[in-house]
Every structure is written in structure tokens, then in C-alpha cells.
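Spelled out, the chains give:
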Amino acid sequence: MSRVPLAERMRPQNLDEVVGQEAIIGDGKILTEIVKKGEPVNLIFWGPPGTGKTTLARILAREFKADFVELSAVTAHKKDVEAVVERAKTNWNLKTRTVLFVDEIHRFNKAQQDAFLPHVESGLIILIGATTENPSFEVISPLISRSRVVLVAPLSKAGIIAVLKRAIAAESAEKRVTDEAIEYIAELSGGDARSALGDLELSLSLAKEVTPEVVETAVGKKMPLYDKSGDYHYDNISAFIKSMRGSDVDATLYYLARMVASGEDPKFIARRMVIFASEDVGLAGNGALNLAVSCFQAIERIGMPEGEIVLSHVAVVLAKAKKNRDTYDAWARAKAVAAKSMNCPVPTWLRNAPTKLMKDLGFGAGQQWTAGFHLDKNYLPDEIKHEKIYDPSQPSNYNHNQKTKHN
């Protein structure tokens, strides 16, 4: 067997060989169009591990006939950046472009990211960054404004299977790997092609015939069938939310445990509970929102596994709470009414009157401070003054104040 890892040997060499990125590759798609025009663009690839961010950067550099320089923000230092700049200046004099690929760009601090700006602005360096974190929070605004952020999606199960079958054919191992093993590796991968190829390579080294049992031995343990961007992800979070909505504490804790055991991002779960507290508990328990926000902050500060008890604590509270969607429904009606009446003038008496002319024209007329500033006037524009937006008498999509099962 080659000492070069299988994942490296199977790395695509052009855009046509890339699997599972139909949203950004193909006729009319951003990366294909950039290559067709032949004009490099500063890019930030945002996506989970093993989705091909490094591969895409190398392919683009090759298409542009550029010098490709790769840095990891985890290990690079100031001198490394300075060396890249000097190399880029030499390339510039030789009429050669320089593509700098920065892996884990979010690991560079603000000062380090600032160091790239003048060279990106001048065109000396074409920057391609890769990050698994939301660049809105982890990459400085000036770099984002000078770059295109491109979402690189995790591969679907079908995409992983396609990658595995291509590798098996390249290794002439068709007779050694069962279809069930391929399916199992794909399920374990979580959309990570590199992980899938690593599991395949190790499995091939352990046995003459690769079966699901061999794969399980290679991986070390049987992982939950959970793809963080696929059906298992959405099905479990949906079941969790609906169990809280239905006030079933047992089911709430069960689906929470499944997500935690499967490696779901605890901040994602906490965010969903914050939304639930306002959307579903609403006016029936105004303290629920504060508790849910506190849960999110606790997860940020203490992490896992200690954060598990915080998640379970707040999930039980939300499940047991009475439910009320009056504000949620009212907000939906407010948006609908506003959308059809955006050009309706604000009533004159509600407008500010900072000048004498505006006062003479009646702006702000009749305003006076009373208890609660509640006047016997219509606050809505005349055209929609009969609209009822906050209306608890209107039926929602489920009983506003249903009894809980576990009170």
C-alpha cells in the first residue's frame, strides 16, 4: 500500500471530479463562473471538515496558473506571512499570480488578519481562506468585504458512497468491500469525505473482505446514525421541539439525549430552546426566555459534558411550562399587514415636530403625557385602522394554554 493516505491520493484534480458541491460548481455556479472568466477572486470557504475546502483552493490556483502557497493559521507565525509576501512580490515581477490559502483562517487573531489587508487590496495576494466557523463572527469585516463567502456543504450519503466507490475502483478492491460496508461507512461519515476514506483505508488493511463488522472494528465503536446536516439532524431536532411543545418530558429528554450522544452542537440545541421559549411558551411564562438565554450562555462558558445537565434542566422546564403563541401569531399578522401597507403615512399627530412649521402643520398635535400615554386616538394609519393584529381570541395552530402532562 502507498504511504500517501488514500484521501490524499483520491483528491480531485479539477472541478469536474468534485462530488457533492452542486450548489457552487456547474453552469452558472460561482466557482465554475470564476474559472471561466479567468479572474481570481478572494474567497472564504465556510463548511465542516472533509468537504473539500483545501481541494477547491488547489484546483482554483491550478486553473489560474498561480503559485499556490498554503498556511495553517494553527501553526503559522508572523515570519511565515512575511515570507509569503516576499514570495508574492517575486511572483509579481515574473507576471505570476500568488494564491495564498489559509486553512482555519478563523484561528488568526484580528492583528494577524489585518496584516493581509494591504496585500489583498493591492492584488499582490489572492486570498482563499477556509473555516469551519461562521466567518461573520470569526473573520474581520474588512476581509469579508473584500472576499466572497462560499458555503461548502457536507456531502450527502449518496455523495459519500460515490467517493468511496471511486476509491475502491482505484484500489482495485471491488471484490473486497461489500455494499453493506460501503453504506455503513457512508452513514458513519457525517458528510466528511476524508473521514470516510480514512475508515475505508483502515478497514482494507484489517481484512481481506470488508464487512460492516470490520468497519466497526476499524472505527473503534458503533457511532449513532447521525448526519448533522441531513435527515437525522432535522428529524431529531424536530422531535425534540414537538415533544417540548406537547409537554412530554420523557420524550423531550430522550431526543435531547440522542442529539447529545450523536455529537450535535450543544449551542445549536440551546439556540432552539431560546426560540422555543419565545415562540411557544410566550406570555404563559415570561421567565422562560431569560432561563433559555441563560442556558445558552452557560453552554458557551462551561462547555460539555458539564453543560448536559443545564440543557436537560431547561428542556424539562420548557416542556412542563404552559404554552401560549399569542405574540408569535400577532407578529406574523403584523408582518403581513405591514407588507401590504408600507406606504401608508404615519398619522400626523404621532410624528415628531422639531420645527415651528411642522407644529403649525399639525405634526404632534394633541400629544400629552397621561397615565401610560394612552390616548383615545387611533395609532395605526387610517387605511388600516380596523386591523386587529394582537388578537388572543383568534385560534392558533394549537391550544394556547394547554394543560401540561407532568405538572
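For the structure itself, look to the data block above.
Visitor: I'm lost on the overall build of the chain in this one. Help?
Guide: The secondary structure content of the chain amounts to 19 helices and five strands. Over its C-alpha atoms the chain spans a radius of gyration of 28 Å, topping by over 25% the 22 Å that the globule rule assigns to 407 residues. Along the three orthogonal principal directions, the C-alpha set of the chain runs to about 85 × 60 × 40 Å. Classification of the 407 residues of the chain by burial places 42% in the buried group. Taking the intrachain contacts of the chain between residues at least 6 apart in sequence as the baseline, contacts between residues at least 24 apart amount to 73%.

Visitor: What should I look at first to understand the packing of helix α15 (residues 266-281) against helix α16 (residues 287-302) in this one?
Guide: Working note: a packed helix pair is described by the angle between its axes plus the distance between those axes. Taken N-terminus to C-terminus, the directions of α15 and α16 make an angle of 175°; their axes are 8 Å apart at the nearest point. Considering the angle they form, α15 stands roughly antiparallel to α16. Note on element contacts: α16 touches α15 through A288, L289, A292, V293, C295, F296, I299 and E300, opposite P266, K267, A270, R271, M273, V274, A277, S278 and V281. For the contact of α15 with α16, the residue count by class is 13 nonpolar, one polar and three charged.

Visitor: Which parts of the structure should I look at to understand the nonpolar core?
Guide: When a protein is soluble and globular, its nonpolar side chains tend to lie buried together. Grouped together as the largest cluster of nonpolar side chains are 27 residues, with contacts concentrated most on F240, M244, I269, M273, C295, L311 and L318. Mapped by element, the contributors of at least two residues to this core are α13 (231-245), α14 (249-261), α15, α16 and α17 (307-320). Membership of the second largest hydrophobic core comes to 25 residues, among which are I160, I168, A173 and A193.

Visitor: Whenever I open this one, the sheet that holds strand β1 (residues 43-46) confuses me. Can you help?
Guide: Within a sheet, adjacent strands bond to each other through the backbone by hydrogen bonds, running parallel or antiparallel. With parallel pairing, the five strands of this open sheet are ordered in space as β2-β3-β4-β1-β5. The open sheet has two edge strands with one neighbour each: β2 (67-72) and β5 (148-151). The average angle at which neighbouring strand axes cross in this sheet is 20°, direction not considered. Bridge count between strand β3 (residues 98-103) and strand β4 (residues 126-131): five bridges; the pairing is parallel. Bridge pairing in β4 places L100 opposite L127. Together, β2 and β3 form the strand contacts of helix α4 (residues 78-93), whose direction differs from that of β2 by roughly 175°.

Rules and cut-offs
Just so you know, the residues in each chain are numbered from 1, in the order the chain's sequence is written. Where local features are concerned, this predicted model is filtered to residues with pLDDT of at least 70; where side-chain atom pairs are given and counted, the filter is 80 or more; whole-chain, interface and lining totals use all residues. Computation of side-chain values: all heavy atoms of the structure, hydrogens and water removed. Going along the chain from the N terminus, every DSSP run of H or I of four or more residues is numbered as a helix, and every run of E of two or more is numbered as a strand. Only C-alpha atoms enter the radius of gyration; for comparison, a globular chain is expected to reach 2.2 Å times N to the power 0.38, where N is the number of residues. Using a 1.4 Å probe on the protein chains alone, a residue whose accessible area is under 20% of its type maximum counts as buried, one over 50% counts as exposed, and one in between counts as partly exposed. The contact criterion used is simple: two residues touch if any of their non-hydrogen atoms lie within 4.5 Å. The axes are straight lines fitted to the C-alpha atoms, using for helices just the contacting stretch, and the angles between their N-to-C directions are given from 0 to 180°. Every angle not falling under 35 degrees, over 145, or within 65 to 115 is termed oblique; those three ranges are roughly parallel, roughly antiparallel and roughly perpendicular. Three categories are distinguished: nonpolar for Ala, Val, Leu, Ile, Met, Phe, Trp, Tyr, Cys and Pro, charged for Asp, Glu, Lys and Arg, and polar for the others, with Gly belonging to the last. Only buried residues count toward a nonpolar core. Its members are Ala, Val, Leu, Ile, Met, Phe, Trp, Tyr and Cys residues joined through side-chain atoms within 4.5 Å. One requirement defines pairing of two strands: DSSP has to find at least two bridges between them.

Note that every value here comes from positions in space, so none of it alone points to a role or purpose.
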